[in-house]
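Single-letter residue listing:
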Amino acid sequence: MSRMFGFIVKTWNPVTGCLHDCYNGKCWASLICNRFKKKWGYDFSPRFHFERLNEKFKPNTLVFTVSMGDLFGWWVKPEWIEKILNKIKENPKTTFFLETKNPPRYWHFSIPKNTIKSTTIETNRNYKVSKAPSPLERYKAFKYLDGVKHVSIEPIMDFDHDVLLKWISEIEPWKVSIGYDNYNAKLPEPSIAKTKALIKDLKAIGIQVEIKNQFLKEVE
Ligand code: SF4
């Protein structure tokens, strides 16, 4: 996962950990989990925190569900996912933000309506910086999902403008979030001018863009 999205009000982590092993070990969630493992009593190995199913939620809030892992990773037991989706269904006035780099697995579950489904597509190219499905596989799986969707283009990597723009326009997200790597993961990054051109064209086709870096905010 990337650092937090600006529109999130609360996080809820009944599952933590991830085996996608992204960005040369510079995944934000793994860095935080490993830094606090003594204090928290767990590391970044996948686990289910059963007691967190007792969490209470306020209506009209947006809750990032599993910000410290990947809820739909291939290793997550289906019964864990079902328990979390049932809890979401029990709180219809709260909106739950789901994010995964394995969106084909969204299709295996009945996802409640009070959710925003998200995936990360940092580029259209396959740079092999993660054990997650490739960006092409994520796009194909995510494109035909219904409901409210979000795409995280973070940490952005060099891309083919027309291809990535086409993918995002076909996905029809409510919003995209765009940002550069903050952890010196030595990723193949695009120029700032190229990213600004993408932001401009996304806005031109009516897509809301959350810009994560101050230096990107001045877009003509
Ligand atoms: S999918 Fe997200 S949580 Fe998992 S390793 Fe990659 S960046 Fe970290």
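Relevant structure appears above.
Residues numbered from 1 in each chain as written. Predicted model: local features only at pLDDT ≥ 70, side-chain atom pairs only at ≥ 80, totals over all residues. Heavy atoms only, no water.

Describing the nonpolar core
Our working definition: To form a nonpolar core, buried Ala, Val, Leu, Ile, Met, Phe, Trp, Tyr and Cys residues must be joined to one another through side-chain atoms within 4.5 Å. Residue exposure (1.4 Å probe, protein chains only): buried if accessible area is under 20% of the type maximum, exposed if over 50%, otherwise partly exposed. Residue contacts are defined here by distance: any two heavy atoms, one from each residue, within 4.5 Å place the two residues in contact.
Leu71, Ile153, Val176, Ile178, Leu198 and Leu202 are the most contacted members of the largest nonpolar core, which has 53 residues in total. If sequence neighbours within four positions are ignored, Leu71 has contacts with Val15, Val66, Val76, Ile81, Ile84 and Leu98. By size, the runner-up hydrophobic cluster in this structure holds seven residues, among which are Phe7, Phe64, Phe97 and Ile116.

Remarks on the pairing of strand E5 (residues 95-100)
We count it as follows: What counts as a helix is a DSSP run of H or I of at least four residues, what counts as a strand is a run of E of at least two, and both are numbered from the N terminus. Two strands are counted as paired when DSSP detects at least two bridges linking them. Place the viewer so that the strands point away; then a crossover is right-handed whenever the path from the first strand over the helix to the second strand goes clockwise.
Taken across its six residues, E5 has five buried, putting it largely inside the fold. Alignment of strand E4 (residues 62-65) against E5, held across four bridges, turns out to be parallel. Bridged to Phe64 within E5 is Phe97. Taking the sense of rotation as the criterion, the β-α-β connection linking E4, helix H3 (residues 78-89) and E5 turns out right-handed.

So, the environment of Tyr42
Mapped onto the elements of the fold, Tyr42 is located in the loop between helix H2 (37-40) and strand E3 (47-48). In this structure Tyr42 comes out as buried when scored by relative accessible area, which is 10%. Each C-alpha atom of the pair Tyr42 and Thr16 lies 9.1 Å from the other, and the pair is 26 residues apart in sequence. Sequence-distant contacts of Tyr42, that is, excluding residues within four places in its chain, are made with Thr16, Cys33, Lys37, Arg47, His49 and Arg52.

A closer look at unusual backbone geometry
Of note, the bond from Glu154 into Pro155 is cis; its omega dihedral lies within 30 degrees of zero at -5 degrees. Position of Pro155 relative to the elements: it lies in the loop between strand E7 (148-153) and helix H5 (161-171). Unlike most non-glycine residues, Glu172 shows phi in positive territory, near 55 degrees. By secondary structure assignment, the location of Glu172 is in the loop between H5 and strand E8 (175-178). The backbone of Lys186 sits at a positive phi, close to 55 degrees, despite the residue not being glycine. Assignment of secondary structure puts Lys186 in the loop between E8 and helix H6 (192-204). Exposure remark for Lys186: the relative accessible area of 66% places this residue in the exposed category.

As for the pattern of salt bridges
To be explicit about the condition: In what follows, salt bridge is the name for a side-chain nitrogen of Lys or Arg lying within 4 Å of a carboxyl oxygen of Asp or Glu.
Enumeration over the complete set of coordinates arrives at ten salt bridges. Glu122 is the salt-bridge partner of Arg138, the closest N and O atoms lying 2.9 Å from each other. Placement of Arg138 in helix H4 (residues 135-143) and of Glu122 in the loop between strand E6 (115-120) and H4 is noted, with a sequence separation of 16 residues between them. Taken individually, Arg138 and Glu122 each receive the classification buried, so the pair is uniform in this respect. Of the charged contacts in the structure, one is a salt bridge between Lys166 and Glu170, with a shortest N-O distance of 3.0 Å. Taken together, the residues span about one helical turn, with Lys166 and Glu170 both in helix H5 at a distance of four residues. Since its relative accessible area comes to 44%, Lys166 is described here as partly exposed. Residues participating in the shared-partner salt-bridge network are Arg125, Asp158, Asp160 and Lys194.

A closer look at the packing of H4 against H5
Note the threshold: Lines fitted to C-alpha atoms define the axes here, with helix axes fitted over just the stretch in contact, and angles between the N-to-C directions of these axes take values from 0 to 180 degrees. Each angle receives one of four descriptions, namely roughly parallel if under 35 degrees, roughly antiparallel if over 145, roughly perpendicular if within 65 to 115, and oblique otherwise. Less than a right angle of anticlockwise turn of the near helix away from the far helix marks a crossing as left-handed, whereas a clockwise turn marks it as right-handed. Following the grouping adopted for this structure description, the nonpolar residues are Ala, Val, Leu, Ile, Met, Phe, Trp, Tyr, Cys and Pro, the charged ones are Asp, Glu, Lys and Arg, and the polar ones are all others, Gly among them.
The contact between H4 and H5 brings their axes to 9 Å, and the two run at 25 degrees. Classified by the angle between their axes, H4 and H5 sit roughly parallel to one another. In the crossing of H4 with H5, the sense of the turn from one axis to the other is left-handed. Contact with H4, carried on its side by Pro135, Leu136, Tyr139, Phe142 and Lys143, involves Lys166, Trp167, Glu170 and Ile171 of H5 and no other residues of that element. Classifying every residue of the contact of H4 with H5 gives six nonpolar, no polar and three charged.

Side note on the packing of H5 against H6
Across the interface, H5 lies against H6 with an axial gap of 11 Å and an inter-helix angle of 35 degrees. Seen from above, H5 lies across H6 with right-handed handedness. Here H5 contributes His161, Leu164, Leu165 and Ile168 to the contact with H6, which in turn contributes Ala197, Leu198, Asp201 and Leu202.

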